[in-house]
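Remarks on the overall topology
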Amino acid sequence: MTTIRATCATCGDVELTTADVSVLIDQDSGDGTYSFRCPLCDSVVVKDCPTHTVDLLVSAGVHYAMCALPNEPVPDLTAPAFDHDDLLEFHSFLANDSLVAGALEGLRG
Ligand SMILES: [Zn+2]
């Protein structure tokens, strides 16, 4: 089994096996993160890694999963700033259970 050397922020370099490491790959960019539980301090370590590192880890036999980042709404930079009136309106909205329930129902589609 391939030995992988990684770094824990607390313990420094540690040696792992392919079974100790997991990779999460962004299906759009090919970049990803790898994670492992440090064998010395038991902390979970998560680090970003570029595509070539992802490829090396996967080719070594590390378990991986693909993911897609959610589509974030694009902010309207021309929209007026959120002010005290908006805050009061939002407070009134949150105080009305039927409005909140309706809004949550709308999110479910
Ligand atoms: Zn550690």
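What counts, and where the lines are drawn
- Residues numbered from 1 in each chain as written.
- Predicted model: local features only at pLDDT ≥ 70, side-chain atom pairs only at ≥ 80, totals over all residues.
- Core = buried A, V, L, I, M, F, W, Y, C linked by C-beta atoms within 7 Å.
- Buried ≥ 20, exposed ≤ 12 C-beta atoms within 10 Å, placed from the backbone.
- Helix = DSSP H or I, 4+ residues; strand = E, 2+ residues; numbered from the N terminus.
- Contact = placed C-beta atoms within 7 Å.
- Expected span 1.5 Å × (residues − 1).

So, the nonpolar core
Soluble globular proteins tend to pack their nonpolar side chains together in the buried interior. If you look at the biggest cluster of nonpolar residues, it comprises 9 residues: Ile-4, Val-21, Val-23, Ile-25, Tyr-34, Phe-36, Val-54, Leu-57 and Val-62. When contributions to this core are tallied by element, the ones reaching two or more residues are β3 (21-26), β4 (32-37) and α1 (51-59). The element contributing the most residues to this core is β3, with 3 residues. Apart from residues no more than four positions distant in its own chain, Ile-4 is found in contact with Leu-16, Thr-17, Thr-18, Val-21 and Ala-60.

Side note on helix α3 (residues 97-108)
Taking 1.5 Å per residue as the helical rise, α3 with its 12 residues ought to reach 16 Å, and the 17 Å between its terminal C-alpha atoms agrees with that figure. Of all the 12 residues making up α3, 0 are buried; the element is thus mostly uncovered.

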